[in-house]
Amino acid sequence: MDPNPTRRQVIKSALGGAAGVLFGAQVRAFGAQASAIRSEAEPLGNDLFLIRTPGEANVVAQVSSAGVLLVDGGSAQSVGMLTGVLSRLPGGGDVHTLFNTHWHPEQTGLNEQIGKAGRTIIAHENTRLWLTTDVTWPWIGRQFKRLPKIAQPNKTFYTNGKLDSGTQYGYISDAAHTDGDLYVYFPQQNVLAVGDVLSNQGWPVVDWVSGGWIAGIVGGLQRISTIGNDKTVIVPGRGPVMTMADLKTHYDMYGAIYDRLSKLLNSGRGPTEAVDAKPANGFVPTSRKGPR
Ligand SMILES: [Zn+2]
């Protein structure tokens, strides 16, 4: 039990705010580069593909005789392009199941189409709740409208679950990116998709409005490092696939940034001063080649 929950709460929100400012601007800069747009499907092992579109978040597709399973569905603007790529996948068909790794519009743009088709949308219950309400990000004034009922997740869970195909999914309960983050693990292919809990292209956004904070990133990265094994291929929210060694590097980096922020705030500095002190100095946003 925390002996001093009020103070902890104060530090938590201060750190969350600082991290939001820290990471937000740089990720927006990456978004602005999205111009020459072309989606590409990259094989991840027999029936599994990573679909990458410049400016868009990663989408994982698994094809089978039952159709296509997706982990995240891109933004609403990319639906046409994604549908085109899916139709060209070997054995591709209609989407039967869509996972939302969290509620952000970069992941939930396909929800309406899937919901209207009567297919399954799986998410953590907190993600569904965020999608039933309007949200504002005060640090950039960005507003998000709730999704219509038909587009909201229709199969939610609290801890974990397993599909008949053997695919496993679970809650990343640390509030790394939001308070509804999930992972999807494909044991046969040894591929783990983790949404925006991990980014391989610039800094991740820490969405402190929906619960994310930097200690949550540290905890979340620790948690996902226990899924799979040292050969597991990790699909981050953005950028190329990563190894477990890459994940460890990120874990160490966020641990160091968190320590610096904690020291600054514990010494009586406010969030603005903490940001001015550039606690992320010495670390650069990653964009490295993955194992394949
Ligand atoms: Zn996100």
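Basis of the calculations
Residues numbered from 1 in each chain as written. Predicted model: local features only at pLDDT ≥ 70, side-chain atom pairs only at ≥ 80, totals over all residues. Heavy atoms only, no water. Pairing = 2+ DSSP bridges. Helix = DSSP H or I, 4+ residues; strand = E, 2+ residues; numbered from the N terminus. Axes fitted to C-alpha atoms, helices over the stretch in contact; angles between N-to-C directions. Donors = N, O, S within 2.8 Å, 3.2 Å for Na, K, Ca; no water. Tetrahedral: all angles 85-135°; square planar, octahedral: opposite > 155°, others 65-115°. Buried < 20%, exposed > 50% of the residue type's maximum accessible area, 1.4 Å probe, protein only. Phe/Tyr/Trp six-rings, centres within 6.5 Å; stacked < 30°, edge-to-face > 60°. Contact = heavy atoms within 4.5 Å. Polar contact = N/O pair within 3.5 Å; in protein donor to acceptor, adjacent residues only side chain to side chain.

Before going further, it helps to spend a moment on the sheet that holds strand 13 (residues 191-193). Read from one edge to the other, the open sheet built from five strands follows the order 10-11-12-13-14, with strand pairing classed as mixed. The two strands at the open ends of the sheet, each matched to only one other strand, are strand 10 (160-162) and strand 14 (233-235). Averaged over all neighbouring strand pairs, the angle between strand axes comes to 15 degrees, with direction disregarded. Summarising the sheet, strand 10 and strand 11 (residues 168-171) pair through three bridges and their orientation is antiparallel. Of the residues in strand 11, the one forming a bridge with glycine 161 is tyrosine 169.

Moving on, we come to the coordination of the zinc ion. All of the protein donors around the zinc ion are His102 (NE2), His104 (ND1), His177 (NE2) and Asp196 (OD); their distances to the metal are 2.1 to 2.2 Å. Bound by four donor atoms, the zinc ion shows angles of 91 to 166 degrees at the metal and therefore irregular coordination geometry. Read N to C, the donor residues that coordinate the zinc ion are spaced as H-x1-H-x72-H-x18-D. Taken together, the residues histidine 102 in the loop between strand 5 (95-99) and helix 3 (105-108) and histidine 177 in the loop between strand 11 and strand 12 (182-186) connect sequence positions 75 residues apart. Each member of the pair, histidine 102 as well as histidine 177, carries the same accessibility label: buried.

Quick look at the packing of aromatic side chains now. Taken as a whole, this structure holds six aromatic pairs when the rule is applied. Taken together, a centroid distance of 6.1 Å and an interplanar angle of 25 degrees make the contact between tryptophan 103 and tryptophan 130 stacked. Within this pair, whereas tryptophan 103 is found in the loop between strand 5 and helix 3, its partner tryptophan 130 is found in helix 5 (residues 125-131), the two being separated by 27 residues in sequence. With relative accessibility at 3%, the residue tryptophan 103 sits in the buried group. On the basis of relative accessibility, which here comes to 18%, the residue tryptophan 130 falls in the buried class. Put simply, the rings of Trp103, Trp130, Trp137 and Phe144 touch in pairs and so form one group of aromatic residues.

What follows covers the pairing of strand 11. From the end of strand 10 to the start of strand 11, which pair antiparallel, there are five residues, and glycine 166 there has a positive phi angle of about 100 degrees. Pairing geometry for strand 11 and strand 12, over four bridges, is antiparallel. Bridging across to strand 12, glutamine 168 finds its partner in tyrosine 185.

Adjacent strands of a sheet pair through backbone hydrogen bonds, lying either parallel or antiparallel. Strand order in the open sheet made by the seven strands is 1-2-3-4-5-6-9, with mixed pairing throughout. Two strands lie at the open edges of the sheet, namely strand 1 (40-45) and strand 9 (155-157), each paired on one side alone. Between one strand axis and the next, the sheet turns through 20 degrees on average, direction left out of account. In terms of strand pairing, strand 1 meets strand 2 (residues 48-52) through five bridges, oriented antiparallel. Pairing of glutamate 40 across the sheet is with arginine 52, part of strand 2.

Let us look at the environment of threonine 97. Assignment of secondary structure puts threonine 97 in strand 5. Of the residues examined, threonine 97 reaches a relative accessible area of 9% and is grouped as buried. Separated by 30 residues in the primary sequence, threonine 97 and glycine 67 have C-alpha atoms spaced 8.7 Å apart. Excluding residues that lie within four positions of it along the chain, threonine 97 makes contacts with Val68, Leu69, Leu70, Thr120 and Ile122. Here histidine 96 takes part through its side chain, which lies 2.8 Å from a polar atom of the side chain of threonine 97.

Taken across its eleven residues, helix 6 (residues 214-224) has nine buried, putting it largely inside the fold. By the burial criterion, the buried members of helix 6 are Ile214, Ala215, Gly216, Ile217, Val218, Gly219, Gly220, Leu221 and Ile224.

On to the environment of asparagine 229. Mapping asparagine 229 onto the fold places it in the loop between helix 6 and strand 14. Apart from residues no more than four positions distant in its own chain, asparagine 229 is found in contact with Asn190 and Met244. At 2.8 Å, the side chain of asparagine 229 and the backbone nitrogen of lysine 231 are in polar contact.

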